[in-house]
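Now for the letters of each chain:
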Amino acid sequence: MDLPLDFDRAEPWTRIVKIALTIAAVYVITVAGLFVKGNFLGGGFLVLFGLAFYAVLRRARRVSMGAAGRLTASAVTVHPVRVWGVSLNVPSGEFSLDRFSAVGLAEHIVVDRPVGIPKNSGIVQLLGRPGTPNIEVMIDDIDTARGFAAELSATLNLELQSVAVPGQTIRRYTV
């Protein structure tokens, strides 16, 4: 594997946040339009619904939203990601490789075909020791991710581990 390696696992989240902010802007314009027209009941209802939805979204912000940065032979540098003034929940800073215990590989079962045939995907992470965040480096189909994880593990001289995906059973496999 050639280092340095640039990665951006926050990119899908930037798209999601842009879509959400666009919807929020349209929502605010709709509420303002209702109040301007004198429809206070409709506007008030939408304000209450918006506040409840905002409370749910605040919980979603706790979810890790990937990482963007550069992996070298001695360190990982990740930087903050902002979308239209909103900061994403991503790790930031420079972390030497001795602060990571292993390369982790998590297997997700993704159902994305109309006929319901499952397609496995793999998430490759650098697993941080206590006080160091886990850094998501790539996601792809499980076979590609398995090969990438094995190569990254050998390059960085870190153990390769299976990682449990929240809400799923651990799948053991040999790499």
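Here, the structure is the one placed above.
What you see is a predicted model, and the numbers here were worked out from it, not measured in a lab. (Residues numbered from 1 in each chain as written. Predicted model: local features only at pLDDT ≥ 70, side-chain atom pairs only at ≥ 80, totals over all residues. Heavy atoms only, no water.)

**Details of the nonpolar core**
Consideration 1: Among the nonpolar cores identified, the biggest contains 23 residues, and Leu 71, Val 76, Val 124 and Leu 126 are the most heavily contacted of them.
Consideration 2: Of all the secondary structure elements, the ones that give two or more residues to this core are strand 1 (5–8), strand 3 (75–78), strand 7 (100–111), strand 8 (118–128), strand 9 (135–141) and helix 3 (142–156).
Consideration 3: Sort the elements by how many residues they give to this core and helix 3 lands first, with six residues.
Consideration 4: Apart from residues no more than four positions distant in its own chain, Leu 71 is found in contact with Leu 3, Pro 4, Leu 5, Phe 7, Val 76, Leu 97, Leu 126, Leu 152 and Leu 156.
Consideration 5: By size, the runner-up hydrophobic cluster in this structure holds eight residues, among which are Val 17, Ala 68, Val 81 and Val 90. (Core = buried A, V, L, I, M, F, W, Y, C linked by side-chain atoms within 4.5 Å. Buried < 20%, exposed > 50% of the residue type's maximum accessible area, 1.4 Å probe, protein only. Helix = DSSP H or I, 4+ residues; strand = E, 2+ residues; numbered from the N terminus. Contact = heavy atoms within 4.5 Å.)

**Quick word on the packing of aromatic side chains**
Consideration 1: In total, this model carries three aromatic pairs according to the counting rule given.
Consideration 2: Note on Phe 49 and Phe 53: the rings are 6.4 Å apart at their centroids and 5 degrees apart in plane angle, and the pair reads as stacked. Residue Phe 49 and its partner Phe 53 are both found in helix 2 (residues 40–60); the two are separated by four residues, about one turn of the helix.
Consideration 3: Relative accessible area serves as the criterion here: at 47%, Phe 53 is assigned to the partly exposed category.
Consideration 4: Ring geometry for Phe 95 versus Phe 100: centroids 6.4 Å apart, planes at 80 degrees, classification edge-to-face. Across the pair, Phe 100 and Phe 95 agree in class, each one buried. (Phe/Tyr/Trp six-rings, centres within 6.5 Å; stacked < 30°, edge-to-face > 60°.)

**What to know about the layout of surface pockets**
Consideration 1: A volume near 770 Å³ is recorded for the largest pocket.
Consideration 2: Of all elements in the fold, only helix 1 (11–37), helix 2 and strand 5 (86–87) reach the threshold of two or more residues within the lining of the largest pocket.
Consideration 3: It is helix 1 that provides the largest number of residues to the lining of the largest pocket, a total of 10 residues. (1 Å grid on protein atoms, 1.4 Å probe; cavity = no way out; pocket = protein on both sides within 12 Å on 5 of 7 lines; lining within 4 Å. Points joined across faces, edges and corners; volume = space filled by probe spheres on them.)

**Some words on helix 3**
Consideration 1: Its 15 residues give helix 3 an end-to-end C-alpha distance of 20 Å, which sits within 8% of 21 Å, the value for a rise of 1.5 Å per residue.
Consideration 2: The complete set of buried residues in helix 3 reads Ile 142, Ala 145, Phe 148, Ala 149, Leu 152, Ser 153 and Leu 156. Projected onto a plane normal to the axis of helix 3, the buried residues spread over an arc of 135 degrees and lie on a single side. Opposite its buried face, helix 3 presents the exposed residues Asp 143 and Ala 154, each directed more than 90 degrees away.
Consideration 3: One or two positions beyond helix 3, positive phi appears at Asn 157, with a value near 60 degrees. (Expected span 1.5 Å × (residues − 1). Arc of directions from axis to C-beta.)

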